[in-house]
Amino acid sequence: MTQVVLSTNTTAPPRAFNNTFSQPKNGWYIPVQNVEEEKKKKSHKLGITIAASAILIGFGTLAMTKGVVPKYLSKHLDKWKLQLEQKLHKDGRLSTFYQKTLDFVTSWSEKSKSINNINSLKDVLFERLMCGKDGNRPFTSKIHRGITKIFNKLSRSTVNASYAKTQRKFASLNESLAAINAKVLKENPANKAVLDNIETAIKNMNNEYEAGFGLNARNSRLKELQTALTDLFDEFWGKSFNGKNFKDIIKNFRQKDMYQSFIAEAVMQPAKTVLVENTAVKRNAVTNITDQILKQYETILPNNEYLKVKNKIKSAVNSLNSSIETETGKYFDKARDMKLGSAPTDVLSIVAGLGTVGWFTAKSKDKDERISSVLRYGIPAIGTIATSLYCNARLVSGAKGIMLGILSGMAVNKIGTAVDNARKKYTLDISLQNKTILKPQSDKV
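In this report, the structure presented in the accompanying data block is examined. On a predicted model such as this, the values are computed, not experimentally measured, just so you know. Residues take numbers from 1 onward in each chain, read along the sequence in its written order. pLDDT decides what is reported in this predicted model: residues at 70 or higher carry local features, side-chain atom pairs at 80 or more are listed and counted, and totals for whole chains, interfaces and linings draw on all residues regardless. Side-chain numbers here rest on the full set of heavy atoms in the structure, without hydrogens or water.

With respect to the packing of aromatic side chains
Applied cut-off: Stacked, edge-to-face and tilted labels apply to pairs of Phe, Tyr and Trp rings (six-membered ring for Trp) whose centres lie within 6.5 Å, assigned for plane angles under 30 degrees, over 60, and everything in between, in that order. Only runs of H or I of at least four residues qualify as helices and only runs of E of at least two qualify as strands under DSSP, and these elements are numbered from the N terminus. A ring has a charge above it when a Lys NZ or an Arg CZ is no more than 6 Å from the ring centre and no more than 35 degrees off the ring normal.
Inspection of the entire model under this criterion finds six aromatic pairs. Taking 5.9 Å as the distance between ring centres and 45 degrees as the angle between the ring planes, the aromatic pair formed by Tyr 209 and Phe 213 counts as tilted. Here Phe 213 and Tyr 209 lie together in helix H6 (residues 192–213), a separation of four residues that amounts to about one turn. Aromatic pair Phe 241 and Phe 253: ring centres 5.6 Å apart, planes at 75 degrees, arrangement edge-to-face. Pair noted here: Phe 241 is in the loop between helix H8 (232–238) and helix H9 (246–253) and Phe 253 is in helix H9, with a separation of 12 residues, a long-range link. Taken together, the ring pairs in this structure connect Tyr 163, Phe 170, Tyr 209 and Phe 213 into an aromatic cluster. The ring centre of Trp 237 lies 4.1 Å from the NZ or CZ of Arg 128, which sits over that ring. Taking the ring centre of Tyr 331 as reference, the NZ or CZ of Arg 156 above it sits at 4.9 Å.

As structure tokens, then:
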């Protein structure tokens with residue numbers, strides 16, 4: 001008889017599919033969201049690298065093309081010299097100390113300015129490379145001169161814009177004084193004689209302003225400046241790279257002028273002195289009349305009304321002083337540097353920035369990441385450098401120009417980010433649309 005043994009094992013057979021998942025002992029599962037976040041972080045990191053590198057190299061190139069001695073340092077040294085000269089005349093007991101200090105500061109100031117010769121050497125060498133010895137490289141020389149022409153136009157427009165602002169100040173002053181004169185005459189006709197003198201003085205003020213600072217006067221000074229600049233390039237080249245052989249050039253570099261003065265500034269100093277003195281005479285002709293006007297108003301106006309007129313005149317005169325400084329200081333120095341070829345070397349900062357953006361963008365892993373990096377970081381970085389360069393051409397101070405450049409870069413970054421987000425959304429919408437219009441496959445065999 002066969003014995004049947006019944007199994008007591010009630011364990012269920014293994015199931016083909018099990019809903020329970022266990023975490024690996026030596027690993028973990030990465031959700032899709034984390035993968036996307038990691039991708040964004042990498043893309044952001046690349047973008048920051050592109051922007052930082054472009055700005056660093058671009059501003060670094062611009063700094064080298066503008067010289068290594070900040071202009072504000074020279075201004076501080078000049079102010080220090082002036083203070084020492086004043087103390088030298090006031091305090092006889094310490095005259096020896098002040099004189100030695102003044103001599104030291106003067107020597108230091110001149111030698112520190114000589115470092116700017118490096119900047120000029122680079123500019124003239126690049127211009128000779130682009131234009132050739134006798135302008136025998138027509139294509140590249142045309143580019144070089146075209147860039148210089150654009151920069152000069154921008155710089156000169158700043159001078160004209162400054163004088164236009166001053167002109168509006170004087171026009172507003174004329175209107176205010178006319179209204180005051182009419183009011184005073186109506187309230188007190190006995191002041192007519194004084195008012196007649198004031199009216200005559202106002203006409204003289206306007207005539208002196210037009211003769212000294214009108215468009216014709218400014219154009220005349222511009223022609224004089226251009227004449228003074230005619231031989232600057234040849235003079236500087238003669239003191240630096242001119243020679244029959246390398247030994248002659250080394251000899252030029254060992255000359256005292258090369259390391260104890262700023263050669264271009266020294267060559268142009270006589271012309272600048274004449275320009276400053278002539279404009280000072282014309283400025284004084286205007287301000288002497290405004291002083292006469294104030295003295296006459298003081299005799300017929302209440303104190304509060306007189307102070308209003310005084311502030312109005314002061315505002316117009318301050319604007320005139322600022323315009324004169326822009327013309328005879330900032331623009332003069334800029335025109336001098338551009339004559340030696342500074343504008344095209346400034347543009348090299350943009351070229352350097354573009355090259356940096358291109359190099360890092362090429363390292364992106366795919367086309368989508370490259371486009372995002374350029375829109376969000378590359379173009380804003382170039383915009384920052386370009387804006388600073390534009391500000392430099394418009395005679396805006398270095399620190400202010402850099403700040404405006406950074407602000408413009410931030411604005412372009414916002415725009416680029418918005419464009420990139422819209423681009424990605426459009427791409428996603430098109431992808432989803434393509435998927436929904438696909439015909440489902442038939443279940444029939």
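Considerations on the pattern of salt bridges
Note the threshold: The salt bridge criterion pairs a side-chain nitrogen of Lys or Arg with a carboxyl oxygen of Asp or Glu, the two atoms within 4 Å. Think of it in three bands: residues with accessible area under 20% of the maximum for their type are buried, residues over 50% are exposed, and the middle band is partly exposed, with areas taken using a 1.4 Å probe on protein chains only.
In the structure shown here, the tally under the stated rule is nine salt bridges. Of the charged contacts in the structure, one is a salt bridge between Lys 308 and Glu 305, with a shortest N-O distance of 3.9 Å. Taken together, the residues span about one helical turn, with Lys 308 and Glu 305 both in helix H12 (residues 303–339) at a distance of three residues. Lys 308 sits in the exposed class, given a relative accessible area of 53%. Among the salt bridges present, the one from Asp 333 reaches Arg 336, with a minimum N-O distance of 3.3 Å. Residue Asp 333 and its partner Arg 336 are located together in helix H12, separated by three residues, close to a single helical turn. The class for Asp 333 is buried, based on a relative accessible area of 16%.

A look at unusual backbone geometry
Phi at Leu 395 takes a positive value of approximately 65 degrees, unusual for a residue other than glycine. Along the chain, Leu 395 falls in the loop between helix H14 (367–393) and helix H15 (398–436).

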